[in-house]
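# Residue-level structure breakdown
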Amino acid sequence: MNAEAAIKRIEAQGYVLLEGVIAPELVEALKNALIELEAAEGTQPGGNRFEGSRTIRIYNLLAKHRVFEEVPVHPAV
């Protein structure tokens, strides 16, 4: 999907999924870092409607694990 098609989809649906944009190795590293942070911080779903009763949220990922530094500077971003 090119940029123009992605923008049109965002305008129509409010979101777009871009598959295969980052290497599977980075995806795996990001998933592992999230699992590690969840365990280390004892993260639980939020206790209010805003955060959701089933959603796990970890704030400030850039400060918590170096692998997340690759996301904002990734060429696809």
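Cut-offs applied
- Residues numbered from 1 in each chain as written.
- Predicted model: local features only at pLDDT ≥ 70, side-chain atom pairs only at ≥ 80, totals over all residues.
- Heavy atoms only, no water.
- Helix = DSSP H or I, 4+ residues; strand = E, 2+ residues; numbered from the N terminus.
- Rg over C-alpha atoms; globule rule 2.2 N^0.38 Å.
- Buried < 20%, exposed > 50% of the residue type's maximum accessible area, 1.4 Å probe, protein only.
- Areas by Shrake-Rupley, 256 points an atom, 1.4 Å probe, with all protein chains shown as cover.
- Lys, Arg positive; Asp, Glu negative; His and termini not counted.
- Charge placed at Lys NZ, Arg CZ, Asp CG, Glu CD.
- Phe/Tyr/Trp six-rings, centres within 6.5 Å; stacked < 30°, edge-to-face > 60°.
- Lys NZ or Arg CZ within 6 Å of the ring centre and 35° of its normal.
- Salt bridge = Lys/Arg side-chain N within 4 Å of Asp/Glu carboxyl O.
- Core = buried A, V, L, I, M, F, W, Y, C linked by side-chain atoms within 4.5 Å.
- Contact = heavy atoms within 4.5 Å.

## What about the overall build of the protein?
Along the backbone of the protein there are three helices and zero strands. In sequence order, the protein lays out its α and β elements as α-α-α. The C-alpha radius of gyration of the protein comes to 15 Å, more than 25% above the 11 Å expected for a compact globule of 77 residues. When burial is assessed residue by residue, the protein has 16% of its 77 residues classed as buried. As presented, the protein carries roughly 6300 Å² of accessible surface, and 55% of it is formed by carbon and sulfur atoms. In the protein, 8 positive and 11 negative side-chain charges are present, and the distance between their average locations comes to 8 Å.

## Details of the packing of aromatic side chains
In total, this model carries zero aromatic pairs according to the counting rule given. Looking at R57, its charged tip hangs above the ring of F50, at a distance of 5.7 Å from the centre.

## Quick word on the pattern of salt bridges
As enumerated under the stated definition, the model contains four salt bridges in all. E4 serves as the salt-bridge partner of K8, at 3.5 Å between the closest nitrogen and oxygen. Taken together, the residues K8 and E4, both in helix α1 (residues 3-13) and four residues apart, mark about one turn of the helix. Here K8 and E4 have matching classes, each one exposed. Two residues, E41 and K64, come together in a salt bridge whose shortest N-O distance is 3.2 Å. Here the residue E41 occupies a position in helix α2 (residues 24-41), and K64 occupies one in helix α3 (residues 61-64), the gap between them amounting to 23 residues. Here E41 falls in the partly exposed class, since its relative accessible area comes to 41%.

## Quick notes on the nonpolar core
Soluble globular proteins tend to pack their nonpolar side chains together in the buried interior. If you look at the biggest cluster of nonpolar residues, it comprises seven residues: L26, L30, A33, L37, I58, V67 and F68. Ignoring anything within four residues of it in the chain, the contact list for V67 reads L26, A29, L30 and A33.

## A word on unusual backbone geometry
Here N60, not a glycine, exhibits a phi torsion of approximately 60°, which is positive. Here N60 is to be found in the loop between α2 and α3. The exposure class of N60 is exposed, given its relative accessible area of 53%.

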